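# Architecture at a glance
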Amino acid sequence: MRGVGVVGLGIGTLHVRALRRLRDRFTVVAVCDPDETRSGPVAEHIGADVVTFDELLARDDIEIVHVCTPPALHLEQCLAALLAGKSVVCEKPVVASLADVDQLIEAEAAAAGRLMPVFQYRFGNGLQQVKALVDAGIAGRAYTSSVEVAWRRRPEYYAAPWRGRWATELGGVLLSQAVHALDMLTYIAGPPTRVFCRITTRVNDIEVEDCAAASLELSGGSLATITATLGSPEEVTRHRFHFEAFSAESGTAPYTSSSLPWTVTPDSEEAAAAVEAVTAGWTERAEEWQGQFERWADALDAGTDPPVTLADARASLELLTALYWSARTGEDVALPLDGNHPCYGGWLP
Ligand SMILES: NC(=O)c1ccc[n+]([C@@H]2O[C@H](COP(=O)([O-])OP(=O)(O)OC[C@H]3O[C@@H](n4cnc5c(N)ncnc54)[C@H](O)[C@@H]3O)[C@@H](O)[C@H]2O)c1
């Protein structure tokens with residue numbers, strides 16, 4: 001049984017709920033949030049202590065710290081937790097630049113604990129099936145992929161003072177909402193080699209972008225498009241992947257699009273048989289945060305890499321950096337970005 005402390009109780013409450021469903025693997029012993037209207041009820045409900053961040057780091061019964069605070073606090077809190085000998089689970093975006101994530105990678109290498117970034121959409125059973133098809137080597141050449149993130153955020157959403165501003169939210173729809181859909185794209189279709197992006201702010205009275213469109217070239221030469229907006233009355237998330245052997249299309253439920261059902265359309269009888277061989281008898285596993293934390297518990301027990309690593313978070317941050325840099329300069333940006341790139345230290349204007 002691994003003792004956990006959860007820091008920040010907005011989305012952190014969903015971490016607590018997922019951990020409670022895994023109570024044979026984890027026990028939440030303390031929570032931390034300066035807003036007592038948030039920490040008090042959660043602590044009372046689950047029988048945990050309310051503590052400060054320093055108290056949480058000093059406790060011997062806490063092995064894992066979940067960092068669920070606003071993004072601008074993640075770097076300092078992750079570094080402090082690693083230095084205190086803890087393992088860390090950190091919400092997205094882990095940090096604000098490639099330089100910062102490289103600092104975390106170095107800190108993790110020198111630490112006793114591991115750091116697992118959160119990409120809970122990866123663990124939808126639909127996406128996992130498509131990943132299994134690609135990993136089985138039956139997809140053939142990738143042709144095109146498309147990603148659509150059409151969500152709705154109204155002014156009330158920006159009441160949280162950290163939202164909507166470059167300095168504290170670090171980005172808009174690309175970083176805060178579409179980041180999971182971008183990760184799903186590269187998880188299946190591979191890393192980007194070139195990106196061109198336009199962003200604009202048209203929906204809400206905020207600093208950061210709330211509409212974006214991008215075209216990408218991916219490793220191996222396939223192409224992808226991304227559109228993202230926070231102004232869609234009907235909320236939709238949709239992925240389409242077109243491979244030589246099959247097409248795969250997600251459902252459109254905005255926050256569970258990686259779950260089943262997905263529509264996989266084989267291009268031939270032979271491809272249909274290959275798909276069937278992978279998906280027949282498929283055993284569904286827990287999804288979302290619970291799905292990620294269950295796989296994390298397995299990895300901790302086995303001493304293997306977490307199901308999402310800092311290298312995955314770095315790849316996500318590299319894509320975001322390139323997208324923001326392209327939007328700012330009008331450049332068609334080639335990846336990977338090296339340490340001398342003007343945006344290595346961050347994309348903030
Ligand atoms: N994985 C996802 O799908 C997902 C969804 C929503 C939010 N998030 C991420 O989770 C993080 C938090 O977002 P949110 O929506 O919960 O925000 P929020 O504003 O609702 O909650 C953040 C909480 O952190 C607390 N906090 C602030 N400073 C703190 C400190 N120094 N120590 C402890 N607690 C502190 C605040 O009081 C607040 O209760 C962000 O990085 C966000 O991008 C991820």
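All of these numbers come straight from a predicted model, not from anything done at the bench.

### Overview of the pairing of strand β10 (residues 223–229)
The two faces of β10 differ: A224, I226 and A228 on one face are buried, but L223, T225, T227 and T229 on the other face are not. Relative to β10, strand β7 (residues 142–152) runs parallel, the two being bridged by 7 bridges. Among the inter-strand pairings, T144 is bridged to a residue of β10, identified as L223. Examined bridge by bridge, strand β9 (residues 211–218) and β10 share 7 bridges and lie antiparallel to one another. By the bridge assignment for β10, A212 is matched with A228.

### Comments concerning the site of the ligand
By nearness alone, 25 residues border the ligand, and I11, D33, R38, E91 and W162 come closest of all. Interatomic distance of 3.4 Å between a backbone N/O atom of T69 and an oxygen atom of the ligand. Between the ligand and E91, the relevant distance is 2.8 Å, taken from a nitrogen atom to a side-chain nitrogen or oxygen of the residue. Isolated, the ligand exposes 840 Å² of accessible area, and the fraction of that covered by the protein chains is 81%. For the shell around the ligand, the class distribution of residues is 12 nonpolar, 7 polar and 6 charged.

### Considerations on the packing of aromatic side chains
The description of two aromatic rings rests on the distance between their centres and on the angle between their planes. Per the counting criterion, the structure on display carries 7 aromatic pairs. Measuring from ring centre to ring centre gives 5.4 Å for F243 and F246, while their planes differ by 50 degrees; the resulting arrangement is tilted. Both residues of the pair, F243 and F246, belong to the buried class. Ring geometry for Y324 versus W347: centroids 5.7 Å apart, planes at 25 degrees, classification stacked. Here W347 lies in the segment after β14 (333–334) and Y324 lies in helix α12 (residues 310–329), a separation of 23 residues in the sequence. Both residues of the pair, Y324 and W347, count as buried. Over the ring of Y157 we find R153, and its NZ or CZ is 5.0 Å from the ring centre.

### Topic: the sheet that holds β10
The sheet built from 8 strands is open, its strands ordered β13-β12-β11-β7-β10-β9-β8-β14 with mixed pairing. Of all strands in the sheet, those with a lone pairing partner are β13 (263–266) and β14, marking the two edges. As defined by bridge partners, strand β8 (residues 192–200) adjoins β14 across 2 bridges and the pair is classed as antiparallel. When the sheet's bridge partners are listed, R194 is paired in β14 with A334. Running at roughly 10 degrees to strand β11 (residues 231–243), helix α9 (residues 179–189) makes contact with β7, β8, β9, β10 and β11 of the sheet. Of the strands in this sheet, β8, β9 and β14 touch α12, which is tilted by about 55 degrees from β8.

Conventions used here
- Residues numbered from 1 in each chain as written.
- Predicted model: local features only at pLDDT ≥ 70, side-chain atom pairs only at ≥ 80, totals over all residues.
- Heavy atoms only, no water.
- Buried < 20%, exposed > 50% of the residue type's maximum accessible area, 1.4 Å probe, protein only.
- Helix = DSSP H or I, 4+ residues; strand = E, 2+ residues; numbered from the N terminus.
- Pairing = 2+ DSSP bridges.
- Near = heavy atom within 4 Å.
- Polar contact = N/O pair within 3.5 Å; in protein donor to acceptor, adjacent residues only side chain to side chain.
- Areas by Shrake-Rupley, 256 points an atom, 1.4 Å probe, with all protein chains shown as cover.
- Nonpolar A, V, L, I, M, F, W, Y, C, P; charged D, E, K, R; others polar.
- Phe/Tyr/Trp six-rings, centres within 6.5 Å; stacked < 30°, edge-to-face > 60°.
- Lys NZ or Arg CZ within 6 Å of the ring centre and 35° of its normal.
- Contact = heavy atoms within 4.5 Å.
- Axes fitted to C-alpha atoms, helices over the stretch in contact; angles between N-to-C directions.

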